[in-house]
Amino acid sequence: MQNHCAVPNCPSGKSDPQPLFRFPSDAERSKKWVEKCQRQDLIDKSPGHLSRYYRVCGKHFGPSLIDTSTVLKDDAIPTIFDMTSQPQNGQAKLFPFSFSEMKKSQAAAAKEDVQAVSEEEEYKEYLKSLFEVLLLLGEQSIPPTGPANNKDQGLGSSNFQALLDNRIICGDEALKKRYDANKECCSTEQLNQLIEVCEKFIRSKVVEEIKQSSFFSLVTDDVVKISGEWHLPVFLRYVNESNFQRERFVGFLSFDGDGDTLAEKLLSEMTDSWGLDMEKCRGQAHSCSATHFSQIKALAAKLMEMYPRAVLALRSTQSLNMSLANGMAFSGVQLVMFTFKKIESFFSQSPLLQLELEHAISIFYPDNEEKANELKELCRSGWTRRNDAFEVALEILEPLLLCVDSVHDNEDMKWNDQVSHNALEISKALTDFEFVMALVVLKNVMTLTQAFGKNMHGNATEAYFAAVSLKAVFHSLKEVSDNIDVYHEFWNDEALNIAAAMEIPVKVPRSFLRKHQAESGAVRPESYYKEHLSVPVVSHTIREMNELFCEDHLKLLKCLSLVPAFNNDIPNAGTLSAELHCWWVKWSKKGKGETLPSSLHETLQLADVKFFPNMLAVLKLIGVLPTLGLEDSCNVAFKRFRMYMENTPDKFKSKNLALLNINYDVEFDLDSMAEIYMKTYPEVQQES
């Protein structure tokens, strides 16, 4: 493709930028364009070749022929040519041509444009066309193999093939030649190879960017199932060369195995296959459900064992209380968490369902409009993921049950069978005493960590005070643990009152009774829930808080005593004290009208920060910590990951294409991707 005007001696270029328009693919119009442009050397070229490789700039078209600055009308023909202007930089006038000038111009143009393309170059152009189509589909989250339902159909009716066909119609000579020779542009096997190369290229670009930034933290999300296999999503948090905090998705790891064996396999793949230098890892954070909790704990422990500086931390995208509860394997807690997911999915189906819930809230709070409006607002804000989710759930429990029962009854025939069935499933969970008791216990225990967790995800000042207040949190938890008999009695009474109001029978879970038939008659609900719920929940919370907020983590949050643990990460640790003094002097003598930076993000962007190399290193170390929240503009990867997983049908989910879709902003180099493919699969080129 030319990046300049095909009209001989046209002066448009960098000094006079003009939009460039393709030659039309219509044969008659293409011929007229060639004649108007006085390019005799192009007369024998096909319309498809001209459309792909030649352009005419906007100065040769009248204003009435251009719809916008980049779109021509369908019947546009170039008609404006400068016949009177003087030659520029020794160029000949465009019109009128002398015979000798015409011959020279044609010879020069022919020499420039007629290319003797080798077979290898032709093959490379063909691959670039395939990659270009694949990238377009991947960026838009359009499955290349869809919408065909039968895998035996190959790519014949796929989105990928449809776009290839369109490119051939628009004049892609490389694809046309391949189709004419093989009766297909690309096989299913080759498409899979292209996707693998694309994945490797993207990951290499992401890893290279992270290597330039020195330090990073490893962040994982809950294990997901793709193509029938479990995979662990992996993100990396770092501060780039422009001092912006970033989080990138680097791919999925196969999650098959247990304990140390699985942990070693995962770490080996990250270092050997992905090229990560784990010696530069300064933090780790994991989101997981109880199903895979032990395996993730083994990974975290192995990472700490092999790389002691990889501090275990809380992940900023998940509230503290939700993170603590998700890791509890107790049946009552898991019933609550699973029901929360069902509720979130249920009300996201239709705004009408949300209105149904708000109507139920109004019924239960007829004399307290302010309270009703507050609860309605909470229900619109994704409350099932909030730090105070258990507290909110208890406040709307009765309206929620009224709502789902009304939807299930479906007296007005407003809902389809699936919605009605889902409502019934939620109703059954809400009227299970195990659910009510677990919700009450979680609410009361997590109240002790609620303010701490909220501040931990707040601004820099709030995070600092959260770190300082941790001792008080532990003191409160220990007080509950030491007096669990008294506290459980209060919690049990609260649950019994709710059950009585909602007419829920108080009983021990049926699953427990089936396993312990001989002794089931002697088991009292109060004793059962104390032993299997209250005591384990408090113990788990204390244990996890101790692991999540170890001494090194707290030091980072407080920005104190960094030198002993991280002296190798600081350019000149010996001068840190003096530099810190200069730093405080600078901000204590704030100029008139000068505002103090209120966040880590703003501080890293200060022009003066480069004059404080040790402070900059410390700020970057804090910046990679997974606990601290990111600016919205820096937190795109996780949002796109969730969108991909929620919006892509299971049969079209691909661990390779997910990497492309989420990292849509990576600079793609088609030439490099084609070369990687040719080196990786040389036999394909030979067969071609």
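Residues numbered from 1 in each chain as written. Predicted model: local features only at pLDDT ≥ 70, side-chain atom pairs only at ≥ 80, totals over all residues. Heavy atoms only, no water.

### Digging into the overall build of the chain
In step 1: Across its full length, the chain holds 31 helices and 10 strands.
In step 2: Residue burial in the chain is summarised as follows: out of 688 residues, 47% are buried.
In step 3: The contacts in the chain between residues at least 6 apart in sequence include a share of 71% that link residues at least 24 apart.
In step 4: Accessible area for the chain stands at about 34600 Å²; split by element, carbon and sulfur atoms hold 50% of it. (Helix = DSSP H or I, 4+ residues; strand = E, 2+ residues; numbered from the N terminus. Buried < 20%, exposed > 50% of the residue type's maximum accessible area, 1.4 Å probe, protein only. Contact = heavy atoms within 4.5 Å. Areas by Shrake-Rupley, 256 points an atom, 1.4 Å probe, with all protein chains shown as cover.)

### Observations regarding helix 20 (residues 484-502)
In step 1: Compared with an ideal rise of 1.5 Å per residue, which puts 19 residues at 27 Å, helix 20 spans 27 Å between its outermost C-alpha atoms and is within 8% of the ideal.
In step 2: The set of residues buried in helix 20 consists of I484, H488, W491, N492, A495, I498, A499 and M502. Relative to the axis of helix 20, the buried residues are bounded by an arc of 125 degrees and lie together on one face. Of the residues in helix 20, the exposed ones pointing more than 90 degrees away from the buried face are F490, N497, A500 and A501.
In step 3: Buried residues along helix 20 sit against helix 14 (389-395), helix 15 (397-409), helix 16 (417-430), helix 17 (433-456), helix 19 (470-482) and helix 22 (525-548).
In step 4: Trailing helix 20 by a residue or two, E503 shows a phi angle of about 60 degrees, which is positive. (Expected span 1.5 Å × (residues − 1). Arc of directions from axis to C-beta.)

### Comments concerning a nonpolar patch on the surface
In step 1: A cluster of nonpolar side chains, I363, F364 and L402, forms an exposed patch at the surface whose accessible area comes to about 250 Å².
In step 2: In this fold, F364 is placed in helix 12 (residues 351-364). (Patch = residues over 30% accessible without salt bridge, like charges linked within 9 Å, V, L, I, M, F, W, Y side chains within 5 Å. Salt bridge = Lys/Arg side-chain N within 4 Å of Asp/Glu carboxyl O.)

### Let's talk about the nonpolar core
In step 1: Among the nonpolar cores identified, the biggest contains 98 residues, and F390 and F549 are the most heavily contacted of them.
In step 2: Ranked by residue count, the leading element in this core is helix 17, at 13 residues.
In step 3: Formed jointly, this core draws a minimum of three residues from each of two domains, domain 2 (324-556) and domain 3 (562-585 + 597-624).
In step 4: Y123, V133, F201 and M673 belong to the second-largest nonpolar core, a separate cluster that totals 74 residues. (Core = buried A, V, L, I, M, F, W, Y, C linked by side-chain atoms within 4.5 Å. Domains from an automatic or database assignment.)

### Details of the pattern of salt bridges
In step 1: This structure, assessed with the given rule, holds 31 salt bridges.
In step 2: With its nearest N and O atoms 3.0 Å apart, the salt bridge here joins R39 to D41.
In step 3: Exposure remark for R39: the relative accessible area of 5% places this residue in the buried category.
In step 4: Put simply, R167 and D172 hold a salt bridge, and the shortest N to O gap is 3.1 Å.
In step 5: Take D172: its relative accessible area is 2%, and that puts it in the buried class.
In step 6: Each of K124, E125, K128, D671 and E675 takes part in salt bridges that share partners, so that together they form one network.

### Focus on a positive patch on the surface
In step 1: Together, K507, R510, R514 and K515 line one region of the surface with positive charge.
In step 2: Note on placement: K515 falls in helix 21 (residues 510-515). (Lys, Arg positive; Asp, Glu negative; His and termini not counted. Charge placed at Lys NZ, Arg CZ, Asp CG, Glu CD.)

### What about the environment of N647?
In step 1: Residue position: N647 is located in helix 28 (residues 636-647).
In step 2: With relative accessibility at 56%, the residue N647 sits in the exposed group.
In step 3: Separated by 506 residues in sequence, N647 and S141 have C-alpha atoms that sit 9.1 Å apart.

### So, the packing of helix 25 (residues 576-588) against helix 27 (residues 613-623)
What describes two packed helices is the angle between their axes and the distance between those same axes.
In step 1: Running from N to C, helix 25 and helix 27 cross one another at 90 degrees; their axes reach a closest spacing of 8 Å. If you check the angle between helix 25 and helix 27, you find them roughly perpendicular. Between helix 25, through L576, E579, L580 and W583, and helix 27, the contact on the second element is made entirely by P613, N614, M615, V618 and L619.
In step 2: The class makeup of the residues in the contact of helix 25 with helix 27 is seven nonpolar, one polar and one charged. (Axes fitted to C-alpha atoms, helices over the stretch in contact; angles between N-to-C directions. Parallel < 35°, antiparallel > 145°, perpendicular 65-115°, else oblique. Nonpolar A, V, L, I, M, F, W, Y, C, P; charged D, E, K, R; others polar.)

### Here we look at the packing of aromatic side chains
In step 1: For the coordinates displayed, the defined rule picks out 23 aromatic pairs.
In step 2: Geometrically, the ring pair formed by F21 and F61 is edge-to-face, given 5.7 Å between the ring centres and 85 degrees between the ring planes. Taken together, the positions of F21 in strand 1 (residues 20-22) and F61 in the loop between strand 2 (55-57) and strand 3 (66-68) put the pair 40 residues apart, joining distant regions of the chain.
In step 3: On the basis of relative accessible area, F61 is assigned to the buried category, the value being 4%.
In step 4: Relative to F641, the ring of F249 lies with its centre 5.7 Å away and its plane at 35 degrees, an arrangement referred to as tilted. Of this pair, F249 sits in strand 8 (residues 245-254) while F641 sits in helix 28, placing them 392 residues apart in sequence. This pair shows no difference in class: F249 is buried, exactly as F641 is.
In step 5: Ring pairs connect the aromatic residues F21, F23, W33, Y54 and F61, which therefore count as one cluster.
In step 6: Above the plane of the ring of Y126 lies R178, whose end atom (NZ or CZ) is 4.1 Å from the centre.
In step 7: Looking at R315, its charged tip hangs above the ring of F235, at a distance of 5.0 Å from the centre. (Phe/Tyr/Trp six-rings, centres within 6.5 Å; stacked < 30°, edge-to-face > 60°. Lys NZ or Arg CZ within 6 Å of the ring centre and 35° of its normal.)

### Quick word on the pairing of strand 8
In step 1: Counting buried residues along strand 8, eight of its 10 residues qualify, which places the element largely inside the surrounding structure.
In step 2: The sheet contact formed by strand 7 (residues 229-239) and strand 8 spans nine bridges and is antiparallel. Paired with R237 across the two strands is E247, which belongs to strand 8.
In step 3: Between strand 7 and the antiparallel strand that follows it, strand 8, lie five residues; N243 among them carries a positive phi value of about 65 degrees. (Pairing = 2+ DSSP bridges.)

### So, the packing of helix 19 against helix 22
In step 1: At a minimum axis distance of 10 Å, the contact between helix 19 and helix 22 shows a crossing angle of 155 degrees. It follows that helix 19 is roughly antiparallel to helix 22 by the angle criterion. The way helix 19 lies across helix 22 gives a crossing that is left-handed. Contacts between helix 19 and helix 22 pair L470, V473, F474, L477, K478, V480 and S481 from the former with V538, T541, I542, M545 and N546 from the latter.
In step 2: Broken down by class, the residue content of the contact of helix 19 with helix 22 amounts to eight nonpolar, three polar and one charged. (Left-handed = near helix turned anticlockwise from the far one by under 90°.)

### Observations concerning the side chain of Q354
In step 1: Note on placement: Q354 falls in helix 12.
In step 2: Residues contacting Q354, with those up to four places away along its chain left out, are F347, C379 and R380.

### As for the pairing of strand 9 (residues 281-286)
In step 1: The buried fraction of strand 9 is high, at six of six residues.
In step 2: Two elements, strand 5 (residues 216-220) and strand 9, share five bridges in a ladder whose sense is parallel. By the bridge assignment, V219 is partnered in strand 9 with A285.
In step 3: In the sheet, strand 9 pairs with strand 10 (residues 311-312) via two bridges, with the strands oriented parallel. The residue bridging Q284 from the neighbouring strand is L312, located in strand 10.
In step 4: This β-α-β element, strand 9 to helix 9 (residues 293-306) to strand 10, shows right-handed connectivity. (Right-handed = clockwise from strand over helix to strand, strands pointing away.)

The values reported here are purely geometric and, on their own, carry no functional implication.
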